[in-house]
Amino acid sequence: QRRRLTAWRLIALNCAVLALNGLIAVRGVALWALLQRLRVEEWIHRARPHVGTTLQAMRVLNWVTLPVRWPLARLPRPGR
């Protein structure tokens, strides 16, 4: 009796995961269609020449924020 209940629970859980996977796939396709409609790919290609400038700015910000980040990294964090 107990083994059957467990098996049915596993089957129900598997069906729930499959339904969630289907929902995520449908939402992903809708998101992809939206990205295509907004022509995000063109924006990315237009922004590509500025990547070097962005990386340089990130390196500068990394050094500028180091005095704040270094002490915070030493503090204990939940889950560690």
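Look a little higher up for the structure.
Residues numbered from 1 in each chain as written. Predicted model: local features only at pLDDT ≥ 70, side-chain atom pairs only at ≥ 80, totals over all residues. Heavy atoms only, no water.

*Asks:* What is the right way to look at the overall build of the chain in this model?
*Replies:* The helix and strand inventory of the chain stands at four helices and zero strands. Each helix and strand of the chain, placed in order from N terminus to C terminus, yields the pattern α-α-α-α. Here the C-alpha radius of gyration of the chain, 24 Å, is well above what a compact globule of 80 residues would show, namely 12 Å. The principal-axis extents of the C-alpha atoms in the chain amount to approximately 65 × 45 × 10 Å. Counting every position in the chain, which comprises 80 residues, the buried fraction comes to 1%. (Helix = DSSP H or I, 4+ residues; strand = E, 2+ residues; numbered from the N terminus. Rg over C-alpha atoms; globule rule 2.2 N^0.38 Å. Buried < 20%, exposed > 50% of the residue type's maximum accessible area, 1.4 Å probe, protein only.)

*Asks:* Would you explain a nonpolar patch on the surface in this entry?
*Replies:* A grouping of L31, W32, L34, L35, L38 and W43 is seen on the molecular surface, where their side chains present a nonpolar patch of about 610 Å² in accessible area. No other element matches the four residues that helix α1 (residues 2–37) contributes to the nonpolar patch. The topology assignment puts L35 in helix α1. (Patch = residues over 30% accessible without salt bridge, like charges linked within 9 Å, V, L, I, M, F, W, Y side chains within 5 Å. Areas by Shrake-Rupley, 256 points an atom, 1.4 Å probe, with all protein chains shown as cover. Salt bridge = Lys/Arg side-chain N within 4 Å of Asp/Glu carboxyl O.)

*Asks:* For this particular structure, what's the right way to read the pattern of salt bridges?
*Replies:* Inspection of every chain in the model, using the stated rule, returns two salt bridges. One salt bridge in this structure joins E42 and R39, with 3.5 Å as the shortest N-O distance. Its salt-bridge partner being R46, residue E42 comes within 3.8 Å of it at the nearest N-O pair. Residue E42 and its partner R46 are both found in helix α2 (residues 40–47); the two are separated by four residues, about one turn of the helix. Each of the salt bridges in this network shares a partner with another, and the network as a whole consists of R39, E42 and R46.

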